[in-house]
Every structure is written in C-alpha cells, then in structure tokens.
Amino acid sequence: MPIQILDQNTINKIAAGEVIERPASVVKELAENAIDAMATAVTIEIKDGGISFIRITDNGCGIDKGEIPMAFLRHSTSKIKSVEDLMCVRSLGFRGEALSSIAAVAQIELITKTKEAFTGVRYVIEGGKEQNMEDIGAPDGTTFIVRNLFYNTPVRRKFLKTATTEAGYVSALVEHLAFSHPEVSFRFINNGQNKLYTSGNGSLKDIIYHVNGRDIATNLLEVSAKTQDIQISGFIGKPMISRGNRTYENYFINGRYIKSNIITRAIEEGYKGYIMQHQYPFTALHFTIEQSIIDVNVHPTKMELRFSQNEFVYDFVLNAIRNTLSGRELVPEVRLSRSENVPVNKTRPAEPFEVKRMAAEAEKDKKNSTAGLTAALAATGHTLRQAYVSDTIRPKQLREDPAEYKTTAAIEPSAAPAARPPEAPVTETLQKSASPAPEQLSLITPDDTASIPKPVLVGQVFDTYWIIQFEDKMFIMDQHAAHEKILYERTMHRLESGSIDTQIIAPPVILSLNMREKEVVSQNIDIFTRLGFEIESFGGNEYKVTGMPATLPSLDDRELLMDIIDSLMEEGGASSKPELITQRVASMSCKAAVKGNMRMSFAEAQNLVEELMNADNPYNCPHGRPTLISMSKYELEKKFKRIV
Ligand SMILES: Nc1ncnc2c1ncn2[C@@H]1O[C@H](COP(=O)(O)OP(=O)(O)OP(=O)(O)O)[C@@H](O)[C@H]1O
Ligand SMILES: [Mg+2]
C-alpha cells in the first residue's frame, strides 16, 4: 500500500496523543516500523542513553524515494486506508504519527533502499524541516539515525532521567521486542557494547535463556491452549522462580507487548495456591487473538487494548494457567554442577505424587473418544501415529513398557484393534515392570493405581526433613510445608463441600474491636460462618466467639481470628470473594501447621507422605514454599563418581 494521508474522519477516530516521551519511545516506534516492514534482522544502537544518538537498522522493504517526505507528515501511513481498516489492524503501526512526532523533536537522518530501486536515498530532517535528500549507495532496508532528542524543546529534555536510567528503559524495551518477535533477530548495542543478540530462529525458549538466564530457562512449563478466537502459546515459570514484582510477568498479544488488567488478573489467579502472596510469576506468553474481538486503538502508545468478551478471555487464560500448573512435575530438582551433565531422559518417570491427577485424567480419557487421547498424546509430544507405529513394530518391548502398552490399549477401539496380545493383562504387565513408567502413565485406569510402587519413607534428618525413596529418585520432604499443605487442602475440600464442622468453645472468646475491625467482621460475616466460626455482636465494641472451625488443631483462637481480621483489613475488606476465603484458609492452616523442628513420629510422617500423594497440588505449601525437593539416583551416582 502506498503511504497516504488519512481522511479527517479516520484521523478523528484514532487515539491521538504525545507518543515521544523519552529515547525508549523513539526506539519503540522505529523498531515497530522495522517489524512492520517485514525485517528479519534489526540492530538497535544507542549512545548516552539514546539522548544524543539512536541508530536503528533493518533489512526490511525500505521506503520508496518518492514517498519519503510524505512519511514524515502527520497522519500519513501505508498501513491503513480508512476507518474500517481500524477494526482489523494487523500491523503494529496504524496512526501515521510516529515519524512526524520524532522528526519534530530531533535531528533525523534516514538512509533507505527498496529492492526495486537501483540506489538508496539519504534524507535529513531536523525539527520537522527537510534539510537534504540525495541518492547514495545503500543495502536494501532502512536505517534511521536520531540525534539530540528534544534539542529544540528544552523543557521536555529536562524531564529525562540520567543516561544510565534511560538506557535501562531502552534495554527493557528491546527485551520485550525480542520476546514478542522470536522470528526476528535483534541486536542491541549500548555505548559500543553488545548487550543482546537473538538469533531470530523463532524459539521463544532461546530468547528466555538469553534474556533471563539459565535458572529461569530451566524452570519453565510450556503453555498451549486454543479456542476458536484465542490461542495461547509460550512458557510460564514454575512457582519457585516467582519474583517480588511484576517485571517478569510478560505477555504479547498479536505480536504486541501489552498490559491488560484482564490477562494479568487471570494469570495471577491461576497461580494462587502455588506462590506466596505478593509474589509474581514469570510468564512469556504469546496470544493470538481474533482481531474482531479486540480493539488496539485505545491509547496513543498502543500499550492497552480492549476485549469485546472480557469474561471469556479471563476464564480461558485462567484455565490455561491452572491446567499447566496442575499437570506437571513441580518438584524442584537438586541440580548437578555444569560439568556433570544429565542425559536427556526422554521417558521421564511419572511423578509418584501425582496419583490423584493421573487417576482423574485416566477417568477423563476413558470417557473421551480418541480425539481426547490424541490431545493427551500431543501434550506429551507423541502423536497417535507414533504410538500406533511403535506398538505394531515392537510388540515385545511394549509388553515390558507399561505406559506405551496403555497408550495402545487406550487407542485400541479405533486405531489398533488387534494390537493388544490377549495373554498379557494390563495389571500383570504393570506389576512385573520395575522400570519407571514414561509420562503417558497418566493414561492409566484408576484400578491400576493400586499396583504403582509405593514411595518408601527412609528416615528423618535435622528434625524437619524426611527422606523418601521412590523408583529412581530420592525426595526430601519438608514436614512443616507438607503438613501445612495437607491442612490447607483438607480445609479447602470441606469448605467446597460446605461441611466444615464447628467446634464449640466454652467459655466464649470475647474480642474487643475498633471501628475498622468491626466493619471488616460484619462485612465478611458470611466468610467467617462458612469457615466454621460462630461470631456474634456482644454490644458496643465487643464480639463474642462461641465456635471455631474444627478442622484445625488447637491454637490460640484469639490470635488466629485477629490474624484473619488483619489480613482482611489489609485488602480493603469490602468484598467476600471466594479467593479471599482461600487465602484465609491458607493462612489458618499455616498457623496451625506443625512447626519446622517439632518432632513427628515415623507413622505420622508416613501418613503425611500418603496424604501428600493424594493432594491436588502436592508441590507447594499454600504460601508457595516447596514441600518436596528431589534428586535422582543417576545424579547421586554421578556425585559419587560411580558413573563418569
Ligand atoms: N523501517 C521502515 N521500513 C519501511 N517503511 C517504513 C519504515 N518506517 C516507516 N515506514 C513507512 O513510513 C510510514 C510512516 O511511519 P509512521 O511510523 O510514522 O506511521 P505508522 O507506522 O504507519 O503508524 P504509527 O504512527 O502507528 O507508527 C509507514 O506507514 C511506512 O510506510
Ligand atoms: Mg510506526
């Protein structure tokens, strides 16, 4: 499309406003133009925080010589033609404002060449006034050099921070750009030093590794979910790599780095119960959303958008996060040092602490047709075809490999009717097998769970940690965190089924509350009742507590109640949202949980392990601390140099 000036009607519809605030805004606009120009490589160079010098080079389509002056006029764009196009913008730019805004407050030199042109063009424009245009030799693509930002608007220049701070903003921006377009190779140079280079090979994980380092890159869970209008792909961090602020909570919508309350809330809600309060997850998620259900024309910087179906988007994201978190191994592994590399275990053993989930999935799979199975297989990187082929070609090995066997059994009706040898019943195969089962063990039927080897409790160290052996792994359980988790889940289940018992306390506890505390109690009286409390006004500032929830071991009743009231107050206290109840339960069970170095008998610990195996989420206490860590036999043998 040629560059042209938009008509007044379209101009009026565009969210207008000042977009150039600082060097990072210039970099954002120019780099987005490069991406829109289909560049596969973009180099961003700044000096002095970008205040004195910014150079952005791309290998994109270039600008036609005849269109260059037009590109610097307000409302001139090649990306949309009319109001109707605003409804389905696919490019990052569409307002036709960026170049004119930058040109107005800086000195710009542009060198550009289209594939069709014989020579390139050099164009200079300062403070919005054209200075020079000449033909020069240049490679295909475009280079913008922006010098002395705000040289003619000293007041705005005063608002800039130090060069180091401004460089930090640019750096963060470049990281977001790299995340949002893994298929583009980005290079960032600050004061002559290479700061970031991405290969443009399309791998989001490689970018996470480059930008965030090994610790984060090795603790990711892959997210993949799809409906008719929305698709999510990318990675989220395991709960243990959560942070104290939202810097690592990033997502991209149709290739744009965006902030959306709906999506942020859904992500954080999805992590509830997995990470502590005031901790935030790592996310790098790509959303592909049908253009017709979003509106990007909300804010001049295009950093916000609107959905036409908020609730649908929220639920979809929440479920995608929850499913990902609940469906994977979340036990932090004790890692070997760099030199002792662990071979990639293609048939990762199923987690012993996932009995419940596996049984539930098996139930689900039983009900589902082959389509459901295909999805389950796809999630583990297998296709139906693979399963079928491996089954028919290697029947002998299959008999020894319970999980593959089950995979086959489950697809039997439509894909491999004669595949299962009649003389080998499923349970027998499982019992005989000593080898760890691959991931598809999640397809087992509930009956089979009985024959899964049980974890063996070995003993306790430091009065707190229990050693458990299971198959080829050693687990270490923190009794405090595990107990806390169990109490939490017990209480949650009772709460959900409305069967919390009340334990009468006599004599009643009398609480003296101030005005705000009273307000919180009366506003949330429903929550208290549902949790099993019996509280009534006792005149004036006094409240009488005659009943406490029976789930929890005896505690200082008054302290517990005040703790709950305090935390309700901290959050404003006005609403009785179910998630508030969850948090209260979490804090109650935490209070009630056995203390770190309190003695626990062997039998009690054994019960704890068993209960933990059946927990909805065995891996973290309600405040996000891990309940288990693990080390494989292989890693131990490596450490003792039995294996070299
Ligand atoms: N690096 C580039 N390569 C090729 N063409 C470019 C490049 N940068 C700008 N252009 C052309 O210049 C036009 C004006 O750019 P400008 O950034 O001002 O507006 P826009 O990208 O269309 O909209 P927005 O203001 O939302 O960014 C673009 O529409 C595009 O045709
Ligand atoms: Mg633009």
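Everything below is about the structure shown above.
The paragraphs below set out a description of the structure included in this document. These numbers were taken from a predicted model, which means no experiment stands behind them.

### Here we look at the overall build of the protein chain
Here is step 1 of the chain: Regarding its fold elements, the protein chain presents 24 helices and 24 strands.
Here is step 2 of the chain: In the protein chain, which comprises 644 residues, the proportion classed as buried is 50%.
Here is step 3 of the chain: For the protein chain, the proportion of contacts with a sequence separation of at least 24, taken over those separated by at least 6, is 70%.
Here is step 4 of the chain: As displayed, the protein chain offers around 30,700 Å² of accessible surface, 52% of which is attributable to carbon and sulfur atoms.

### What to know about the site of ligand 1
Here is step 1 of the chain: Lining the immediate environment of ligand 1, one finds 23 residues, of which T77, S78, K79, R95 and K302 sit closest.
Here is step 2 of the chain: Note that an oxygen atom of ligand 1 is positioned 2.7 Å from one of the side-chain N or O atoms of R95.
Here is step 3 of the chain: Between ligand 1 and the protein, one listed contact pairs an oxygen atom with a backbone N or O atom of L99 at 2.9 Å.
Here is step 4 of the chain: Protein coverage of the free-state accessible area of ligand 1, which is 590 Å², stands at 97%.
Here is step 5 of the chain: Contributing elements (two or more residues each) for the shell around ligand 1: helix 2 (23-36), strand 4 (76-77), helix 5 (98-105) and strand 8 (141-147).
Here is step 6 of the chain: The residue makeup of the shell around ligand 1, split by class, is nine nonpolar, eight polar and six charged.

### Here we look at the packing of helix 10 (residues 261-271) against helix 11 (residues 310-326)
Here is step 1 of the chain: At a minimum axis separation of 8 Å, helix 10 and helix 11 run at an interaxial angle of 30 degrees. The handedness of the crossing between helix 10 and helix 11 is right-handed. From helix 10, I262, I263, R265, A266, I267, E269, G270 and Y271 reach across to helix 11, where they touch N310, V313, Y314, V317, L318, I321, R322 and L325.
Here is step 2 of the chain: Its residues placed into classes, the contact of helix 10 with helix 11 shows eleven nonpolar, two polar and three charged.

### Structural notes on the sheet that holds strand 11 (residues 220-226)
Here is step 1 of the chain: Pairing is mixed in the open sheet, where five strands are placed in the order 11-12-15-13-14. The open sheet terminates on both sides in strands that have one partner only, identified here as strand 11 and strand 14 (256-257).
Here is step 2 of the chain: Two elements, strand 13 (residues 249-253) and strand 14, share two bridges in a ladder whose sense is antiparallel. Note that in strand 14 the partner of F252 across the bridge is Y257.
Here is step 3 of the chain: Strands in contact with helix 7 (residues 163-180) are strand 13, strand 14 and strand 15 (283-289); relative to strand 13, the strand with the most contacts, it is inclined by about 55 degrees.

### Notes on helix 8 (residues 204-212)
Here is step 1 of the chain: Taken as a whole, helix 8 has its buried residues at L204, I207, I208 and V211. Here the buried residues of helix 8 occupy an arc of 100 degrees about the axis, which is enough to place them on one side.
Here is step 2 of the chain: Check the buried side of helix 8 and you find it contacts helix 7, strand 10 (193-197), helix 9 (214-217), strand 11, strand 12 (230-237) and strand 15.

### Overview of the nonpolar core
Here is step 1 of the chain: Within the largest apolar cluster, 61 residues are counted, with the highest numbers of intra-cluster contacts made by I44, F72 and I208.
Here is step 2 of the chain: The two domains that each donate at least three residues to this core are domain 1 (4-197) and domain 2 (204-326).
Here is step 3 of the chain: Beyond its immediate chain neighbours, meaning those up to four positions away, I44 contacts V27, A31, R55, I56, V174, L177, F186, R187, F188 and I189.
Here is step 4 of the chain: Counting 38 residues, the second largest nonpolar core, distinct from the first, contains I11, I293, I294 and A320.

### Focus: the sheet that holds strand 23 (residues 542-549)
Here is step 1 of the chain: The three strands are arranged 21-23-22 in an open sheet whose pairing can be described as antiparallel. Looking at the sheet topology across the chains shown, the edges are occupied by strand 21 (502-512) and strand 22 (534-537). Taken pair by pair, the neighbouring strands of this sheet meet at an average axis angle of 20 degrees, ignoring direction.
Here is step 2 of the chain: By the bridge criterion, four bridges tie strand 22 to strand 23 in an arrangement that is antiparallel. Paired with I535 across the strands is V545, a residue of strand 23.

### Here's the deal with the packing of aromatic side chains
Pairs of aromatic rings are described using the distance from one ring centre to the other and the angle between the two planes.
Here is step 1 of the chain: Throughout the structure, instances matching the rule amount to nine aromatic pairs.
Here is step 2 of the chain: Centroid distance Y251 to F287: 6.2 Å. Interplanar angle 80 degrees. Geometry classified as edge-to-face. With Y251 in strand 13 and F287 in strand 15, this pair connects stretches of sequence that are 36 residues apart. Each member of the pair, Y251 as well as F287, carries the same accessibility label: buried.
Here is step 3 of the chain: The interplanar angle of 75 degrees and the centroid separation of 5.9 Å between the aromatic rings of W466 and F602 together place this pair among those described as edge-to-face.

What counts and how
- Residues numbered from 1 in each chain as written.
- Chains lettered and ligands numbered in written order.
- Predicted model: local features only at pLDDT ≥ 70, side-chain atom pairs only at ≥ 80, totals over all residues.
- Heavy atoms only, no water.
- Helix = DSSP H or I, 4+ residues; strand = E, 2+ residues; numbered from the N terminus.
- Buried < 20%, exposed > 50% of the residue type's maximum accessible area, 1.4 Å probe, protein only.
- Contact = heavy atoms within 4.5 Å.
- Areas by Shrake-Rupley, 256 points an atom, 1.4 Å probe, with all protein chains shown as cover.
- Near = heavy atom within 4 Å.
- Polar contact = N/O pair within 3.5 Å; in protein donor to acceptor, adjacent residues only side chain to side chain.
- Nonpolar A, V, L, I, M, F, W, Y, C, P; charged D, E, K, R; others polar.
- Axes fitted to C-alpha atoms, helices over the stretch in contact; angles between N-to-C directions.
- Left-handed = near helix turned anticlockwise from the far one by under 90°.
- Pairing = 2+ DSSP bridges.
- Arc of directions from axis to C-beta.
- Core = buried A, V, L, I, M, F, W, Y, C linked by side-chain atoms within 4.5 Å.
- Domains from an automatic or database assignment.
- Phe/Tyr/Trp six-rings, centres within 6.5 Å; stacked < 30°, edge-to-face > 60°.

Bear in mind that shape data such as this cannot, by itself, settle questions of function.
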